[in-house]
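Okay, here's what each chain looks like letter by letter:
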Amino acid sequence: MHIQVNGESRQVREEINVTGLLQDLQLNVERVAVEINLEILDRGYFDARILEEGDRIEIMSFIGGGAEIADF
Amino acid sequence: MLIFDCGLLIEEIHNPKFFLKDRAMRDDRLTIAGREFRSRLWVGTGKYKDFIETKKAIDMSGADVVTVAVRRVNITDRNSENLLDYLDPKDYTILPNTAGCYTVEDAVRYARLARAAGVSDLVKLEVIGDERTLFPDTAGLIEAAKILIKEGFVVLPYTNDDPIVAQKLVDIGCPAVMPLAAPIGSGLGIRNPYNLKIILETVNVPVIVDAGVGTASDAALAMEYGADAVLMNTAIAGAQEPIVMAEAMKYAVEAGRLAYKAGRIPRKLYATASSPIEGML
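A. Layout of unusual backbone geometry. Residues and elements named next belong to chain B. Not every positive phi belongs to a glycine, and Ala-33 is a case in point at roughly 50°. A positive phi angle, close to 70°, is found at Lys-47, a residue other than glycine. Judged by its relative accessible area of 52%, Lys-47 is exposed.

Structure below.
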């Protein structure tokens, strides 16, 4: 099935949960925030939330920044 | 009894209690919303050459509060490193900002994402009003702060050097205010010292001068006025030698703070002799 991850279309296996997606992307679960269809998903639900066709997922993390970054 | 020139008894010199007052002046920690901070120099983590330089500069500055931005992770380059691999949240207070947000909705969204990605409710709230100046949109700032405070965030607002807005931010529940010295990254120093002094006199929460510092004397001046801390990024990261500048800023903030606590002499138009006239020929 197809989902959108950080603005890019991506093919993933059926029945994959958020933890599985983060593992596939080799991301540290402890250091990211996940937003699905504009709703933030609490870390406690990463296992329970099964991804669905067309889900728009944003995976966010901390980067270096003062106040001057205006390039998103 | 042996008496020194300065009028101290020798027993007093040997009594460790004698230096208590002096030590109390040096060990004055900053407390905001129940959190205690060691350093009064806060630093941003942007604009460095790499993470190693970032880490070295921050360690040299002695800062324990570091600001970070929230952005999409790089999902194409899986080997890309994470800033927090270098700045362990156990060793620093990670203060996420909402930099780059021009609307209340965006700022609130980024603050929520920061909380979800992090370990605390702290946020440095920015609602930017204009791309050229990066001045805060203070109306949007107050609105966003109200929403986030209701959701339990500890909101540290990046605001203009406007005493009325600063007071409004305090009234709605901000435990500190962060007025700018000058536009972000401008290095102009404190452009409006009188407004800053009014803010320092009127609000009863810590004031962190944020943005616009160019060099060490700017930071020292902010602290001499009575600011509780100074936050900077470009002044260090953009210096020719960032790590050396980080050290300069550490001393500047400490010196400014001590001078503030020591109480400066009043300015006078005419001279006052320091050497006695008595005993002259």
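This is not the end of the story, as more comes after the structure.
B. Layout of the interface of chain A and chain B. With 31 residues of chain A at the interface, the matching set in chain B holds 40 residues. Taken together, both faces of the contact between chain A and chain B bury some 3300 Å²; the carbon and sulfur share is 59%. Linking chain A with chain B are three salt bridges. Arg-31 of chain A serves as the salt-bridge partner of Asp-85 of chain B, at 2.6 Å between the closest nitrogen and oxygen.

C. Here's a closer look at the packing of helix α6 (residues 138-150) of chain B against helix α7 (residues 163-171) of chain B. All names here are of chain B. Packing of α6 against α7 brings their axes to within 10 Å, and their N-to-C directions diverge by 10°. Considering their axes alone, α6 and α7 lie roughly parallel with respect to each other. Seen from α6, the contacting residues are Thr-138, Leu-141, Ile-142 and Ala-145; seen from α7, they are Val-165, Lys-168 and Leu-169. Here the contact of α6 with α7 is built from residues that sort into five nonpolar, one polar and one charged.

D. Structural detail: the packing of aromatic side chains. Residue and element names in this part refer to chain B. Taken as a whole, this structure holds two aromatic pairs over all chains when the rule is applied. Aromatic side chains Phe-37 and Trp-42 sit 5.4 Å apart centroid to centroid with 65° between the ring planes, which places their arrangement in the edge-to-face category. There is no split in this pair, since Phe-37 and Trp-42 are both buried. A centroid spacing of 5.3 Å and a plane angle of 40° characterise the contact between Phe-51 and Tyr-86, whose relative ring orientation is tilted. Here Tyr-86 lies in helix α4 (residues 83-86) and Phe-51 lies in helix α3 (residues 51-61), a separation of 35 residues in the sequence. Judged by relative accessible area, which is 24%, Phe-51 ranks as partly exposed. Here Arg-115 stacks its cationic end above the ring of Phe-153, 3.8 Å away from the centre of that ring.

E. Spotlight on the nonpolar core. Of all hydrophobic cores here, the largest spans 69 residues; its most connected members are Val-177, Met-232 and Met-249 of chain B. Examining the composition of this core, we find that eight residues originate from one element, helix α5 (residues 104-117) of chain B, more than from any other. Residues contacting Met-232 of chain B, with those up to four places away along its chain left out, are Leu-41, Trp-42, Val-43, Gly-44, Val-213, Ala-219 and Met-249 of chain B. Grouped together as the second largest cluster of nonpolar side chains are 20 residues, Val-18, Leu-25, Ile-36 and Leu-51 of chain A included.

F. Main features of the packing of α3 of chain B against helix α11 (residues 242-262) of chain B. Residues and elements named next belong to chain B. Between α3 and α11, whose axes approach to 7 Å, the crossing angle comes to 20°. Between α3 and α11, the angle falls in the class roughly parallel. Crossing hand, α3 versus α11: right-handed. Taking contact as the criterion, the partners of Glu-53, Lys-56, Ala-57, Met-60 and Ser-61 in α3 are, on α11, Pro-242, Ile-243, Ala-246, Glu-247 and Lys-250.

Calculation notes
- Residues numbered from 1 in each chain as written.
- Chains lettered and ligands numbered in written order.
- Predicted model: local features only at pLDDT ≥ 70, side-chain atom pairs only at ≥ 80, totals over all residues.
- Heavy atoms only, no water.
- Buried < 20%, exposed > 50% of the residue type's maximum accessible area, 1.4 Å probe, protein only.
- Contact = heavy atoms within 4.5 Å.
- Buried area = accessible area lost by both parts, 1.4 Å probe.
- Salt bridge = Lys/Arg side-chain N within 4 Å of Asp/Glu carboxyl O.
- Axes fitted to C-alpha atoms, helices over the stretch in contact; angles between N-to-C directions.
- Helix = DSSP H or I, 4+ residues; strand = E, 2+ residues; numbered from the N terminus.
- Parallel < 35°, antiparallel > 145°, perpendicular 65-115°, else oblique.
- Nonpolar A, V, L, I, M, F, W, Y, C, P; charged D, E, K, R; others polar.
- Phe/Tyr/Trp six-rings, centres within 6.5 Å; stacked < 30°, edge-to-face > 60°.
- Lys NZ or Arg CZ within 6 Å of the ring centre and 35° of its normal.
- Core = buried A, V, L, I, M, F, W, Y, C linked by side-chain atoms within 4.5 Å.
- Left-handed = near helix turned anticlockwise from the far one by under 90°.

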